[in-house]
Amino acid sequence: MEKDNVCIDCHNQVDKVAKILKLGQAELDILTIPKRILTFSYPVKLDSGEIRYFTGYRVQFNDARGPTKGGIRFHPDVNLEEIKTLAFLMTLKCTVVNLPYGGAKGGVMIEPKRFSEAEIERISRGYIREIKDFIGPDIDIPAPDVNTDSRIMAWMLDEYEKIKGRHVPGVITGKPVALHGSKAREFSTSMGGAYVLGEMAGALNLKPAKTSVAVQGFGNVGMNIARILHEWGYKVVAVSDSKNGIYNANGLDIKDVIAHKEKTGQVAKFKGAKDISNEELLELKTDVLVPAALENQITKKNANNIKAKLILEMANGPVTTEADDILLKKDIMVVPDILANAGGVVVSYFEWVQNSMNFYWSENEVLDKLKTYMTNAVKDMSKVCGEFNCDMRKALYINSIRKILEAERLRGNLAQPVKSA
Ligand code: GLU
């Protein structure tokens, strides 16, 4: 059988629970081969008049539980294997928080900082023209991801609506509030992570004022979680952006750090803090470490040097599979990305629901519902941790894979129920 499209990384991850769930070949195929892969190259006119071709991807991994859902990233390292893995993770993530969605991910291989705003607009619109026939509120619903934001979602929505000749707000989420976006979507990923940390801290008896936190990454997710945890009374002792980090054992005033970053373009050289490298930040002796930048930050090279008690994965895939095993042996608790950062897609779901009703909720209503979804997901996970006596990642994988395969079986795509279920 043709297996060219298999996602190797997904295979490695599924392998960890394949025995427990007694997965056969048909199940493994569903979990490791994406349903649809779009790879394209498209022309964009630059400000200079030159025409440049850009490479884009959209992978729709699995849609057994509903339309596929997931962000679009702009990054020079974007490649098909990465997008496949991230689409697989979205499939699991949507299931972990019980959304009626499958999973997808997209990306364009660019360094966005090298392009003007007008060029980014044309790159964004061009991307939508390439995938227009494969997206829709009941097919596949894109959203922001690394280096994409509500402004880009607005251009993408506009392009899609121009093509279709009608309003279709539910085709994309993470839109500006003035263009049918949801209140609180902008900081929902971080708020969701903070709710999860709150649940964990409660269980571990960690008091915010006595809990030190280091946050890697100062983009939308990193900055907002640092701000929220600081407002909740946690001691945020270190933060970093893509260039550098800063550290103060007594805690940083995140509001001032944000103002400093806005003024100088970096977190480094912040008054009263010591400049540190990104690598040093990861290895600090803190209670909580929040990797909120890119994937593969904690690897087998540095996993042994990690001293935090708990890692909250706010980025997608910041801990490699090998590092995960090392951390487990060191008794470091890892709250996996597919739970920790699911707040973004939960509020994306609320946005899509509001779009379909044409009726909009207040920020408090959105946050209340978000809290319920996140805490329910923590409870579901804890139950499976107890049932299988396993770590959090395994529990989340077991639970979501069981649900995805059951949906496939009910559709007639699998002959047998999952054995352990
Ligand atoms: N890019 C975000 C994620 O990785 C959000 C996806 C969405 O809202 O669809 O979860």
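Before reading on, note that the structure itself is shown above.
Quick look at the structure, then. (Residues numbered from 1 in each chain as written. Predicted model: local features only at pLDDT ≥ 70, side-chain atom pairs only at ≥ 80, totals over all residues. Heavy atoms only, no water.)

### Comments concerning the overall build of the chain
Then, in step 1: If you tally the helices and strands in the chain, you get 14 helices and twelve strands.
Then, in step 2: Radius of gyration (C-alpha) of the chain: 21 Å, near the 22 Å computed for a compact globule of 421 residues.
Then, in step 3: For the C-alpha atoms alone, the extent of the chain along its principal axes is close to 60 × 55 × 45 Å.
Then, in step 4: Out of the 421 residues belonging to the chain, those deemed buried represent 57%.
Then, in step 5: Long-range contacts, defined here as pairs at least 24 residues apart, represent 68% of the contacts in the chain between residues at least 6 apart. (Helix = DSSP H or I, 4+ residues; strand = E, 2+ residues; numbered from the N terminus. Rg over C-alpha atoms; globule rule 2.2 N^0.38 Å. Buried < 20%, exposed > 50% of the residue type's maximum accessible area, 1.4 Å probe, protein only. Contact = heavy atoms within 4.5 Å.)

### Re the environment of Arg393
Then, in step 1: Summarising the element assignment, Arg393 is placed in helix H14 (residues 392–410).
Then, in step 2: The exposure class assigned to Arg393 is buried, which follows from its relative accessible area of 14%.
Then, in step 3: Along the chain, Arg393 and Ile139 lie 254 residues apart, while their C-alpha atoms are 28 Å from each other.
Then, in step 4: A polar contact of 2.7 Å, which involves the side chain of Arg393, links it to the side chain of Asp324. (Polar contact = N/O pair within 3.5 Å; in protein donor to acceptor, adjacent residues only side chain to side chain.)

### Thoughts on the state of the cysteines
Then, in step 1: By the definition in use, this model includes one disulfide.
Then, in step 2: A sulfur-sulfur distance of 2.2 Å marks the disulfide that ties Cys7 to Cys10. Taking the sign of the S-S torsion, 75 degrees for the link of Cys7 and Cys10, the bridge is right-handed.
Then, in step 3: Judged by relative accessible area, Cys10 falls into the buried class, the value being 0%.
Then, in step 4: We note that Cys385 lacks a disulfide partner, and the nearest cysteine sulfur, in Cys390, lies 5.0 Å from it. (Disulfide = S-S within 2.5 Å.)

### What to know about the side chain of Ser212
Then, in step 1: Checked against the element boundaries, Ser212 lands in strand E6 (residues 212–216).
Then, in step 2: Apart from residues no more than four positions distant in its own chain, Ser212 is found in contact with Lys235, Val237, Thr286, Asp287 and Val288.

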